[in-house]
Structures are given as C-alpha cells and as structure tokens.
Amino acid sequence: MNTLQEFRLLLAEWTKLRSVRRWMITLLGAAALTVGLSVLAANGGTTDMNDNPNFVVGPDGTPVADGMQFVHQPITGDGTITVRITSLGEPPNVRPPSGGPEGAQKLPKGPWAGAGLIIKDGTRSGSSYAAVLVNPTHGVRLQSDFTTDLAGSPGGGPRWLRLTRTGEQITGYESTDGAAWRQVGTVTVPHLPQTAQIGVFVSAEPELLLQRSAGSTSLGAREVRNVATFDNLQLSTGGTGTSWHSDTVTMPRAEPEGPDGEVGKGGNQPMGSTKEADGVYTITGSGKIGPQEPPDDIVQISLIGVIAGLMALIALGVLFATSEYRRDMIRTTFMAAPRRGRVLAAKAIVLGTVVYLTALASAGTAFVIAQPMLREHGFAPPAFPKQSLTDPAVVRTLLLTAAFMAAVAVFSMAVGTLMRRSAPAITTAVVLVILPIIIGSLLPLTPTRWLMHITLAGGFATQRAKAPDATLVEPWSMVSPWAGIATVGAYTLGALALAWWQLRRRDA
Amino acid sequence: MTRTLHAEWTKLRTVPSTGWLLLAAVTATVLVGYAATGTLDIQHCQAPWCYEDTTKLSLVGVRLGQAAIVILAVLAVTPEYGTKMIKTTLAATPDRLTVLASKLIVVTGVTLVAAVVGVLGSLLAARTVLPGNGFTSANGYPPLSLGDDLTMRAAVGTVLYLALIAVLGVGVGVLVRDTAGAVTTVLMLLYASPVLALLVSDPRWQHRIHRYSPMDAGLTIQTTRDIATTTHIGAWAGLGMLAAYAAAALVAAALVFRVRDA
Amino acid sequence: MSPTIEVCGVRKRYRGTVAVDGLTFTVRAGEVTGFVGPNGAGKSTTMRIILGLDAPDEGDALVGGRPYRSLRAPLTQVGALLDASAVHPGRKARDHLLWLAHSNGIARRRVDEVLDQIGLASAARRRAGGFSLGMQQRLGIAAALLGDPPVLMFDEPVNGLDPDGIVWIRGLMRSLAAEGRAVFVSSHLMSELQDTADHLIVIGRGRLIADTSVTKLLATASKGRVEVRTLRRTEVMTLLANAGATVAAIDAETLTVDGLTGEQVAGLLSSAGLAFSELRSHRASLEEAYMELTRDAVEFSGNGERAR
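Cut-offs applied
- Residues numbered from 1 in each chain as written.
- Chains lettered and ligands numbered in written order.
- Predicted model: local features only at pLDDT ≥ 70, side-chain atom pairs only at ≥ 80, totals over all residues.
- Helix = DSSP H or I, 4+ residues; strand = E, 2+ residues; numbered from the N terminus.
- Rg over C-alpha atoms; globule rule 2.2 N^0.38 Å.
- Buried ≥ 20, exposed ≤ 12 C-beta atoms within 10 Å, placed from the backbone.
- Contact = placed C-beta atoms within 7 Å.
- Pairing = 2+ DSSP bridges.
- Axes fitted to C-alpha atoms, helices over the stretch in contact; angles between N-to-C directions.
- Core = buried A, V, L, I, M, F, W, Y, C linked by C-beta atoms within 7 Å.
- Nonpolar A, V, L, I, M, F, W, Y, C, P; charged D, E, K, R; others polar.
- pLDDT = per-residue confidence, 0-100.

With that settled, consider the overall build of chain B. The number of helices and strands found in chain B is 13 helices and zero strands. Helices and strands in chain B line up, N terminus first, as α-α-α-α-α-α-α-α-α-α-α-α-α. Its C-alpha atoms give chain B a radius of gyration of 20 Å, near enough to 18 Å, the size a compact globule of 262 residues would have. Out of the 262 residues in chain B, the part that is buried amounts to 53%. Contacts in chain B between residues far apart in sequence, at least 24 positions, make up 78% of those at least 6 positions apart.

Shown next, in the form of structure tokens:
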C-alpha cells in the first residue's frame with residue numbers, strides 16, 4: 001500500500017514536470033549546452049605536449065619519467081642480487097636553491113624514487129624494469145614498469161635488499177640484518193628480455209614548488225639529488241661479467257610551459273656519480289622512475305559544457321519548486337497529497353532521476369564526440385593515452401558528473417522550496433556552485449582547498465578522471481571526485497531536510 | 001520625465017526587497033573581501049617570487065555582491081510582467097522610452113550608492129586586516145590608500161562596474177520579461193566564462209575568454225600589480241567591454257520595449 | 001465514511017491577529033451549506049484549516065471523522081476549489097487534471113469524463129495560461145469533482161463568473177447535493193446563496209454568528225413584521241405609532257409595522273376608517289436577515305476598532 005502511494009506521487013510529480021513545455025525546453029537546453037559547449041571547446045583547443053615532451057614513453061605506451069644513476073652489469077636468465085644500503089639522503093653541502101620561490105609550498109613527494117636494486121631492459125630511459133628500493137619517506141617499495149608499486153616496511157633507514165628473477169617473475173625481499181628475509185612481493189615483468197641489466201641505482205624525485213597568488217598559479221620544479229652508500233653487493237648466479245658499469249639514465253628536457261606555467265625550472269639536470277672503495281659504493285643520482293602524465297585531463301576537457309548545462313539545471317530545479325508558490329499552486333498540491341514530506345521526496349526523486357539520466361546521456365555524448373576531436377588537436381598518445389567509454393576512470397567520471405548535476409538540480413529545488421522566490425533561489429544556488437571557483441582561483445592554496453571542501457564547487461572534481469593534483473589552476477582539482485560528490489550530497493540532503501522541516505511547520 | 005522618475009523611485013523604494021538587496025550587495029562585497037584578505041599570510045608569499053595584489057583581493061567581494069545587484073535590476077522590471085502591472089505603468093506613462101530611462105536612472109542610482117559604500121568598506125576592511133598578516137610597509141605593502149593612483153582607479157572602476165551590471169540587468173530583464181530566465185541569463189554571462197577559462201587548456205582560448213567575457217574584462221581594472229603579465233585587456237578597455245554588453249542589452253531592450261505589446 | 005465536515009473549537013491567529021476564534025459547526029450530507037461572512041471574517045482560513053493546509057492553534061477540523069492530513073486518497077473524499085487561478089499557466093488543462101489523478105490513484109479515464117461533464121473537453125489540450133476566468137473556474141471545479149468525492153468545498157465560486165456561469169454553478173451545486181453529497185460553499189454576499197443554500201453558517205470576525213437553516217432564518221427575520229400599502233401614509237403612521245407599534249416608511253405608499261399583528265393592524269385601520277390597498281406579513285430577503293444578524297458583529301467591530 002505504501003509503495004503504491006509512493007508510486008502515485010512519483011507519477012504525479014513526473015506528470016507535472018513533463019507537462020510544462022518550458023521546463024522540458026530548459027532540460028533539453030541543459031543537455032544541448034553541455035554537449036555543444038564541450039564539443040566547441042574540444043574543437044578549439046590544441047596542445048603540443050607530444051611534440052615537446054617532458055616524458056618518455058613507457059613499456060605500455062603511457063608517458064613516464066625515468067632517470068637515475070645506475071651501476072649495472074648484464075645478467076642472462078634467472079638470478080639473485082643482494083645489497084646492503086647503509087645510508088640514504090640528500091647530499092651534504094647542497095648548493096643553495098638556484099630556482100623556485102622562497103615562500104612557495106613544497107608539494108609532498110611520491111614513492112617513485114630512492115635507492116635500491118633494479119633489473120632493467122638496458123639503460124634506455126623508459127624501458128621495462130623491476131626494482132626493490134628504499135624511499136626516504138615511503139619506506140621499502142617493490143615497483144615495476146612505472147605503474148606497479150607494492151609497499152614493504154615503512155621508514156627510510158638502512159636495509160638489506162634482495163631481488164630475484166625467475167622467468168618473468170621478479171621477487172623482492174628486505175631484511176634488517178641480512179639473515180632473516182621478508183618477502184615484499186612478486187611482480188610480473190613480461191617485456192624483460194632474457195639478458196637484462198641488473199644492479200644498484202639511486203634516484204631522487206624533483207622538488208615541486210607551488211606558488212598561488214592573485215590570479216596565477218606558478219609551479220617550479222627543482223632537481224634534487226640523493227646520495228646512498230651500499231656494501232655487500234652480491235650477484236649470485238647468471239652474471240656474465242664481473243665488472244660494474246656506471247651510467248646515468250636521463251630524460252629529455254622539456255621547454256618551460258606557457259605564460260602562467262612553470263618558473264625556475266632551474267639549471268641543468270645534475271649528473272650522477274659513482275665512487276667505489278673496498279666494495280663500498282657511494283652513488284649520487286637524481287630523477288624519478290614512475291608515471292609522468294601531463295596534468296591536462298582529456299576527460300575533463302571533453303566535459304567543459306557541464307558548467308553551462310548546470311546553470312540551466314539550477315533554473316529548472318528552482319522553478320520546479322517556486323512555481324508551486326506562484327498563485328498558491330502548492331495548496332492544490334497539498335490538497336491532493338497532504339503528507340508534505342512525501343511530496344518533497346517525490347519531487348526530489350523525479351527531478352533527480354530525470355536530470356541524472358539527461359546529464360548522463362549528455363556527458364556521454366559530449367565525451368564520445370569530443371574525444372576524436374581532441375586527439376586530432378594533439379591530445380593524443382603517448383602523452384594522452386586513448387580513453388574509451390569503458391575505462392573505469394571514464395565510467396566513474398561520467399557517473400559522478402551526472403550525479404553532481406542531478407544533486408545540484410535537487411539542491412536548487414530544495415532552495416527554491418525554502419525561499420519560494422525564483423530570483424534569490426537561483427542566485428543562491430549559482431553563487432554556491434560557481435563563485436567559490438572564481439574566488440578560489442584568486443586565493444592561496446590552503447583557503448582554496450578549504451573552500452572546495454565546504455562548498456558545492458568541489459563537485460566539479462567529479463569531472464576529473466585523473467588523480468587530485470594541487471598544481472593546477474582549477475581549484476577543484478585539489479580534491480578527489482569522491483570528496484567533491486560527498487560535499488554536494490551533504491548540501492543536497494541538508495537543504496532537503498531544511499525544506500522538509502519548513503514545509504511541515506509552515507501553513508501552505 | 002521628472003514625474004515618471006519620481007514614480008519609478010517610489011515603486012523601487014516601496015518594495016521591501018530593494019533595501020535587503022542593497023544591504024546584501026554591500027555586506028557581501030565587504031565580507032568576502034575581508035575574508036579573502038584575512039586568509040593571506042606573508043609567510044606564503046614573499047618578494048620577488050610572489051607579490052600579492054592586495055587591492056584586487058580586497059575588492060574580490062564584488063564578484064559576490066554583484067549578484068544582489070543583478071537581482072535588484074531584474075526585479076525592477078520582470079515582476080511588472082508577472083503581475084501584469086506593466087499595463088498600469090504604461091497607462092500612466094505611455095512613452096515607453098521614458099519609462100525605461102526612468103527605471104534605469106533609479107536602479108543605477110541606488111546601485112552607485114551601494115557600490116561606493118561597498119568599495120570603501122572593502123578597502124577599509126582590508127586596510128585594517130592586512131598589516132596583521134604581515135603585509136606592512138616594511139615588507140613592501142604600504143597601507144591601501146585612495147591616494148595611490150592604481151588603487152583609486154580600481155575603486156572608481158569597481159563602482160562603475162557595478163553600475164554597468166545594473167544596466168545589464170535592467171536590459172536583460174526587459175528583453176526576457178521573466179525573472180528566472182533573466183537572472184539565469186545574466187549570472188551565466190557573468191559567472192560561467194571565468195570558469196570556462198579555467199577549464200580550457202589552450203592559452204589562446206583562455207586569453208580570448210578573459211578578454212571578451214563581461215566579468216573578467218570589466219574587473220581587469222582592479223589589477224594593480226603585474227598588470228602586463230596577468231591581464232588580458234586594458235583596464236578601461238575592459239570596462240568598455242562590459243559597457244558594450246550593457247549597451248547592447250539596453251539598445252535591444254529599448255527597441256523591443258517600444259514595439260512589443262505590453 | 002459519513003460525508004460530513006466537522007469543525008470543533010478551531011482557533012487560529014496570524015501574527016497577533018485572530019483569524020478564527022473558537023469556531024464550531026457541522027456540514028451535513030445532502031445539503032448545500034452556505035458559509036457566509038464579510039470579507040476577512042475567516043472563511044478562507046477555516047476552509048484551509050479543514051483542508052489541512054493551515055494548522056489550527058486549537059481545536060480540530062475533521063472530514064468524514066478524520067483529519068484531512070491522515071487521508072490516503074483525499075481527492076476521493078473531499079473535492080475543493082479554493083483559487084481557480086492556481087494552475088501553472090504553461091500546463092495544459094488535461095495535464096493539470098492528470099497529475100492530480102495520478103497523485104490519488106484515480107483512473108486516467110476519469111479525467112476525460114470530468115472534462116466532458118464540466119464542458120471543457122474542447123479546451124482540454126490548451127494551456128491554462130490562456131484560459132478566461134470562467135474557464136479557469138470550470139477547470140478548478142473539474143479538479144474538485146475529479147475523485148467523485150462525497151464532500152465538496154467551494155470558496156467564492158461565483159467570483160468573476162458571467163450570469164450564465166452563475167446559473168450553471170448554482171445548478172451544479174444543487175444537483176451535487178441532490179446526489180447526497182455535502183456541499184460547503186462560501187460567499188461574502190448572502191444574495192448569492194439565496195436560491196442555493198439549504199443551511200447557513202454565518203461568521204463575523206472569526207466567530208460563529210448563526211448556524212441555522214435558511215427557512216428558519218427567514219422566518220426569524222420576518223417574524224411579526226407587517227407591510228401596509230396605503231395612500232394615507234401620514235395618518236396611518238400616526239395611528240399605529242400611538243397604538244405602540246414601530247412604523248417605518250419604505251416608499252410613498254408602503255409602510256412596515258413591527259409590534260402589532262396583521263389582525264390588530266387591520267382592526268385599527270378599519271375602525272379609524274383609513275383605507276389601505278394591501279396588508280400582508282412581510283417576507284424578509286436573505287440579505288436583510290443577514291444584515292440583521294451581522295449588525296451586532298459589525299458594531300462590535302466598530303467598538304473594537306475604537307478600543308485599539
């Protein structure tokens with residue numbers, strides 16, 4: 001019985017929504033704006049990232065960084081290498097910072113650099129590898145082919161490390177005393193040739209310095225070096241030579257980016273060095289071994305129109321509520337359905353569902369049309385791997401973007417119910433969704449992130465398929481899509497609860 | 001004309017929302033500016049790598065305050081259509097251009113008053129809060145003052161900006177005749193473009209959007225530092241760009257208003 | 001359910017102004033009950049309270065023995081017309097009835113039936129924004145009849161209707177009552193209810209003034225009053241006044257007499273040899289009866305105004 005009544009109310013609200021031609025036109029307009037503007041923007045933008053790369057192409061075709069000081073010798077077939085790392089850190093008497101703003105914020109570093117053992121397809125930057133290493137902040141890691149990263153024990157102190165090859169399988173071990181070994185994990189490296197280079201390496205992730213001030217974001221990268229000392233280097237079997245060669249694996253240099261791009265990219269890449277005395281190796285190296293995707297997110301770029309569609313949806317949501325108060329139509333509504341909470345719920349469900357489906361269709365359409373255009377304009381592999389509708393990140397982005405749009409529409413409906421007048425309700429919703437972005441792009445980093453967490457603007461993070469990134473101009477990129485949609489959801493539920501409370505309290 | 005002006009002033013004055021919206025415009029402008037300058041910390045921004053444009057930040061609140069002005073301007077027009085009061089208005093003053101001109105003068109007038117209060121309040125608030133965050137003369141930030149030519153220009157420009165926003169609101173209101181439609185149109189025109197500029201990756205397109213969008217172009221006049229590198233259009237040219245939008249809306253409104261049946 | 005409206009001790013105040021002040025009455029089935037009072041007497045407020053739109057500060061309003069808000073398919077139990085213009089101007093007449101039908105699980109076919117019954121079938125696919133006042137009123141009545149309810153409420157239904165429309169709506173209300181439904185109709189003009197209502201609830205300043213049948217009310221108002229037509233007005237007036245009656249002139253030939261019966265008047269005039277052309281007991285109009293009833297309320301309001 002109850003479900004039947006709920007269904008009746010849903011049917012009634014759906015009839016209301018579809019029977020006002022202007023609202024349907026607004027809904028279609030939102031879809032048209034979303035698709036149209038996205039396609040227009042995809043057609044207009046170009047990039048030369050592939051012609052002027054700051055990355056190398058990894059074994060799976062994705063853009064990666066690959067730089068280190070590598071002390072190696074060839075090995076054929078299976079084998080095991082062991083070493084003890086006695087120290088790891090930045091070299092003493094580092095030259096004073098030659099580039100980068102004084103007051104800039106240092107961004108936290110990832111796990112993709114350190115000192116350890118590696119087996120690699122030659123010394124070419126970007127070739128297939130597996131490594132077990134100690135990262136100064138992230139502890140022991142077992143990594144391969146710029147994508148796989150397994151964690152061992154935490155802490156950057158002295159360690160014994162061991163790497164064993166068995167066919168395509170590489171297993172990493174760690175130990176504190178060289179006697180009791182603990183397995184970190186096993187990775188599969190399919191592209192590793194029968195004869196590979198094996199040895200010890202040192203790398204250091206460049207320091208990223210971020211400066212946000214009114215109107216601009218500047219990002220400085222500073223090359224840094226790590227120095228590590230190794231002893232007890234032993235190659236068990238399969239070693240074809242007895243002498244170790246030292247090489248520097250380097251990356252191509254990228255030109256500085258556009259006008260508000262990077263500043264003080266700073267100096268030449270410091271070369272590494274290797275010293276050996278009585279089996280003790282002191283190696284200095286720099287560079288990162290890991291993913292290096294350009295910050296531009298081609299999924300987000302193909303959804304630019306969402307912002308314009310959102311404005312139309314805000315108007316629709318508000319009107320769906322405030323039209324009830326024009327000419328006291330709300331009385332007719334509550335005469336037909338006296339239980340007001342259920343009316344509000346039915347309105348929210350109908351509007352949310354209709355907008356969700358429309359938004360999903362238009363975002364999907366925008367994506368499908370814009371992607372080939374973007375590829376033509378330079379957003380192509382390897383810098384920008386091809387994204388398809390079935391990629392999990394794309395699916396997530398489209399679903400969450402549609403959810404964001406639907407939630408904003410329902411939020412607007414709730415605000416319309418609370419305020420009962422169109423103009424202030426539309427303005428409130430627009431201001432809450434968009435103004436934080438405009439103001440956020442002018443403020444320093446911390447208040448901006450805070451703004452993105454506490455306002456509806458954080459919902460724009462749903463449009464990003466790539467991981468959160470504080471280095472971009474667009475403020476929402478510093479929060480995760482899930483954090484963004486959670487904020488929007490909280491606002492929507494909060495506004496609905498307030499509207500419900502007021503509907504019950506207020507005479508119609 | 002005087003009588004029509006008096007009539008329009010009486011209409012605007014006797015609607016309770018007018019007072020609230022003007023208050024909201026002033027409060028929003030001052031509070032957001034105060035909050036923005038309050039978050040600054042000299043530790044995160046030191047010369048020569050970083051030089052905050054404190055004047056611009058102290059006036060950042062108009063980006064919110066203008067929303068209230070948009071509602072005010074639109075509500076001076078559209079409810080007359082919603083309630084068919086426009087028929088009464090035009091019966092009292094058959095010359096439609098006089099009606100439009102009177103509405104415009106009255107709305108722009110109250111907006112100018114609110115704008116002057118809001119801008120002065122924002123500068124005063126910033127002047128009070130900035131030294132506490134380390135933005136002192138010793139660090140290269142003399143107190144904000146209208147004696148400074150660029151700050152004066154920013155203040156005057158911001159006041160004019162709000163007045164032009166009011167003109168734009170009235171124009172679009174007459175054209176669209178519907179409250180929700182007019183408010184959405186103006187807000188979309190103002191707010192969507194700066195976000196689009198963040199979204200497009202192509203610097204040429206960013207430049208074009210900043211240059212031709214009414215809000216970005218119009219508020220360029222607030223910039224007092226690194227003008228050469230951070231702006232996309234000249235200060236007065238930017239205000240001119242907004243004026244062109246407002247004028248276009250107004251001319252279209254005047255034409256349509258004359259020939260359309262009430 | 002028994003098709004009745006029961007209002008019991010309802011009190012409602014808005015920001016210090018008392019709109020309804022302890023109102024109690026019952027609306028019975030098979031009758032048209034008129035709800036009369038001057039503008040601002042609290043009629044619309046009472047109707048909104050009955051419909052669960054406004055919450056009373058005190059007392060209860062029941063429809064068929066239950067509060068409106070507890071009804072599961074209210075449109076099938078009460079049909080109401082409050083404000084006929086409360087329709088979205090962009091919505092077609094049929095769609096307006098359709099969403100109402102959906103909300104109460106009423107069959108789609110019923111929408112077309114009602115449109116036919118009310119004479120709107122040809123305008124069913126037109127947008128309500130373009131409707132004339134009369135058509136809007138008909139649409140509002142169609143909405144009230146949609147659920148075929150045993151109780152009907154109309155708030156000032158003849159406002160804005162042309163004479164044809166007024167005749168039509170009176171006929172409709174009579175026939176609805178004749179079908180055994182309870183019809184509750186408000187008006188600020190007693191004359192509108194003259195030929196329609198069986199029973200009257202009269203209120204003033206939120207209080208009940210009378211709860212009576214139309215027949216009884218007219219009888220009370222007419223009681224003991226005699227109308228005399230004579231060419232010798234002055235002599236007759238003097239004579240009757242001397243006999244203790246209250247005499248008032250209606251026009252040059254007609255007088256009304258209070259305080260004496262028809263027989264006494266006839267006897268006095270005959271013995272005095274004063275000729276008269278007609279002598280009959282006076283039939284008060286409903287309007288007069290109403291004026292008499294509300295006089296106190298109006299005076300009270302005048303005093304109240306002064307007291308403030």
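Attention now moves to the sheet that holds strand β11 (residues 226-229) of chain C. Residues and elements named next belong to chain C. In space, the four strands of this open sheet follow the order β12-β13-β11-β14, with antiparallel pairing throughout. On the outer flanks of this sheet lie β12 (246-249) and β14 (278-281), each paired with one strand and no other. With direction set aside, neighbouring strand axes in the sheet form an average angle of 20 degrees. Here β11 pairs with β14 via four bridges, running antiparallel. Residue Arg 229 lies in a different strand from β14, and its bridge partner there is Glu 278.

This paragraph deals with the sheet that holds strand β6 (residues 115-120) of chain A. All names here are of chain A. The strand order across the open sheet built from seven strands is β9-β8-β7-β6-β13-β3-β17, with neighbouring strands paired in antiparallel fashion. Each edge of the sheet is formed by a strand with only one pairing partner; in this case those strands are β9 (148-151) and β17 (245-249). Taking each pair of neighbouring strands and ignoring which way they run, the sheet shows an average axis angle of 25 degrees. As paired strands, β6 and strand β7 (residues 129-135) are joined by six bridges and run antiparallel to one another. Bridge pairing links Gly 116 to Leu 133 in β7.

Turning next to the nonpolar core. Judged by nonpolar contacts, the single largest core of 317 residues is most densely connected at Val 318, Met 405 and Val 408 of chain A together with Leu 97 and Ala 142 of chain C. Beyond its immediate chain neighbours, meaning those up to four positions away, Ala 142 of chain C contacts Leu 97, Val 114, Leu 115, Ile 118 and Leu 120 of chain C. Val 226, Val 236, Val 247 and Leu 255 of chain C belong to the second-largest nonpolar core, a separate cluster that totals 11 residues.

With that settled, consider the interface of chain A and chain B. Listed as interface residues are 45 residues of chain A and, on the opposing side, 42 residues of chain B. At the level of elements, α2 (21-44), β14 (207-213), α4 (306-322) and α8 (422-440) of chain A are the ones that each hand at least two residues to the side of chain A that touches chain B. Considering only residue class, the side of chain A that touches chain B consists of 28 nonpolar, 14 polar and three charged.

Before going further, it helps to examine the interface of chain C and chain A. Contact residues are listed per partner, giving 29 residues for chain C and 25 residues for chain A. No other element matches the six residues that helix α2 (residues 93-103) of chain C contributes to the side of chain C that touches chain A. For the side of chain C that touches chain A, a count of residues per class yields 14 nonpolar, eight polar and seven charged.

Moving on to the confidence of the model for chain C. All names here are of chain C. In the predicted model, chain C carries a mean pLDDT of 86, and the fraction of residues at 70 or more is 93%. Segment residues 299-308 is flagged for pLDDT under 50; beyond a separation of four residues in sequence, or across chains, it makes two contacts in the model. Among the prediction metrics, the complex's ipTM stands at 0.85, with pTM recorded as 0.84.

Along any regular strand the residues' side chains alternate between the sheet's two faces. All names here are of chain A. The buried fraction of strand β8 (residues 139-144) is high, at five of six residues. Across six bridges, the pairing between β7 and β8 is antiparallel. The partner of Ala 131 across the bridge, within β8, is Gln 143. The antiparallel pairing of β7 with β8 creates a hairpin that spans three residues between the two strands. Bridging between β8 and β9 involves four bridges; their strand directions are antiparallel. Bridged to Leu 142 within β9 is Leu 150.

A few words now on the arrangement of the chains. Across the two pairs of chains that are in contact, the largest number of contacts falls between chains A and B. Structurally, chain B and chain C remain out of contact, their C-alpha atoms never closer than 11 Å.

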